[in-house]
Amino acid sequence: MPARHVSRVRALYRRILLLHRVLPPDLKALGDQYVKDEFRRHKTVRSDEAQRFLQEWEVYAAVLWQQANENKQNSTEKACFGTSLPEEKLNDFRDEQIGQLQELMQEATKPNRQFSITESKKPKF
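Per-chain numbering applies: the sequence of each chain, read as written, is numbered from 1 onward. Where local features are concerned, this predicted model is filtered to residues with pLDDT of at least 70; where side-chain atom pairs are given and counted, the filter is 80 or more; whole-chain, interface and lining totals use all residues. Excluded from the side-chain calculation are hydrogens and water; included are all heavy atoms of the structure.

Q: Please explain the overall build of the protein chain as it appears in this structure.
A: Each helix and strand in the protein chain was counted, giving 5 helices and 0 strands. Going along the chain from the N terminus, every DSSP run of H or I of four or more residues is numbered as a helix, and every run of E of two or more is numbered as a strand. For the protein chain, the N- to C-terminal ordering of α and β elements is α-α-α-α-α. Exposed residues in this analysis have more than 50% of their type's maximum accessible area, buried residues have under 20%, and partly exposed residues fall in between, with area computed by a 1.4 Å probe over protein chains only. Residues counted as buried form 19% of the 125 residues belonging to the protein chain. By the convention used here, residues are in contact when the closest approach between their heavy atoms is within 4.5 Å. In the protein chain, of all internal contacts separated by at least 6 residues, the share reaching a separation of at least 24 is 57%. For the protein chain, the exposed area adds up to about 10,100 Å²; of that, 52% sits on carbon and sulfur atoms. Working definition of accessibility: Shrake-Rupley area with a 1.4 Å probe, residue cover restricted to the visible protein chains.

Pasting the structure below:
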């Protein structure tokens, strides 16, 4: 794998994890884990699939960056992240991808998350 490609993948991976810092803690944890799993899963794919994978994640990063900036400007409103998935894109998904998407949606919309994340506070002396 060319060094330029590896560098591009690592930079995108880091950028996404940095962007996740603006998400609420439970979504950040879910998003971070999903990104890590997906990037690991796609380490050994063919070149054409790798290109499409990177393009989709670059679009995700651009949308998240835009939403983070919009949420920062509209600080009085509740933060809103995400976007609708057009049916055309869903039609391109394999059955495995549809299953992953459904699992992700169920986890993201659970009223009682399977994990609880709290901000750590320094003890007062």
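Q: Please clarify how the side chain of H20 should be interpreted in this entry.
A: The topology assignment puts H20 in the loop between α1 (3–19) and α2 (25–41). In this structure H20 touches K28, G31, D32, V35, Y60 and L64, once residues within four positions along its chain are discounted.

Q: Looking at this structure, I do not really get the packing of α1 against α2. What am I missing?
A: Helix-helix packing: each pair is described by the crossing angle between the helix axes and the interaxial distance. Between N-to-C directions, angles span 0 to 180 degrees; the directions come from axes that are lines fitted to C-alpha atoms, helices contributing only their stretch in contact. Contact pair α1 / α2: the axes reach a minimum separation of 10 Å and the direction vectors enclose 165°. With respect to each other, α1 and α2 are oriented roughly antiparallel. The two elements α1 and α2 cross, and the hand of that crossing is right-handed. Residues V9, L12, Y13, I16 and L17 of α1 touch α2, and the partners they reach there are D32, V35, K36 and F39. Throughout, the ten residues Ala, Val, Leu, Ile, Met, Phe, Trp, Tyr, Cys and Pro are labelled nonpolar, Asp, Glu, Lys and Arg are labelled charged, and all others, Gly among them, are labelled polar. Its residues assigned to classes, the contact of α1 with α2 comprises 7 nonpolar, no polar and 2 charged. In this scheme, roughly parallel covers angles under 35 degrees and roughly antiparallel covers those over 145, while 65 to 115 is roughly perpendicular and the rest are oblique. Helix crossings fall into two classes, left-handed where the near helix is turned counterclockwise from the far one by less than a right angle and right-handed where it is turned clockwise.

Q: How should the packing of aromatic side chains be read in this particular structure?
A: Aromatic ring pairs are described here by two measures, namely the spacing of the ring centres and the angle between the planes. Think of it this way: a Phe, Tyr or Trp ring, Trp meaning its six-membered ring, pairs with another when their centres are within 6.5 Å, and the plane angle makes it stacked under 30 degrees, edge-to-face over 60, tilted otherwise. Within this structure, the stated rule accounts for 6 aromatic pairs. Measuring from ring centre to ring centre gives 5.2 Å for W57 and Y60, while their planes differ by 80°; the resulting arrangement is edge-to-face. Of the two residues, W57 and Y60 are both situated in helix α3 (residues 47–73); the distance of 3 residues between them amounts to about one turn of the helix. Judged by relative accessible area, which is 31%, Y60 ranks as partly exposed. An aromatic cluster is defined as three or more aromatic residues linked by ring pairs; in this entry it consists of Y13, Y34, F39, F53, W57 and Y60.

Q: Any chance you could explain the pattern of salt bridges here in plain terms?
A: Close approach of charged atoms allows side chains of opposite charge to pair. For salt bridges, the criterion is a side-chain nitrogen of Lys or Arg within 4 Å of an Asp or Glu carboxyl oxygen. Summed over all chains, the structure comprises 8 salt bridges. Notably, a salt bridge pairs K89 with E56, separated by 2.9 Å at the nearest N-O pair. Linking K89 in helix α4 (residues 87–92) with E56 in helix α3, this pair joins segments that are 33 residues apart in sequence. Overall, the relative accessible area of 34% leaves E56 in the partly exposed class.

Q: Would you take a moment to explain the nonpolar core for this structure?
A: Generally speaking, soluble globular proteins have nonpolar side chains that are buried together. Membership of the largest hydrophobic core is limited to 11 residues, which are L12, I16, L19, L23, V35, F39, F53, L54, W57, A61 and L64. Where this core is concerned, the elements lending two or more residues are α1, α2 and α3. Residue contributions to this core peak at 5 residues, all from α3. For L19, the residues in contact, after removing those within four places along its chain, are A61, L64 and W65. The criterion is simple. A nonpolar core is a set of buried Ala, Val, Leu, Ile, Met, Phe, Trp, Tyr and Cys residues joined through side-chain atoms within 4.5 Å.

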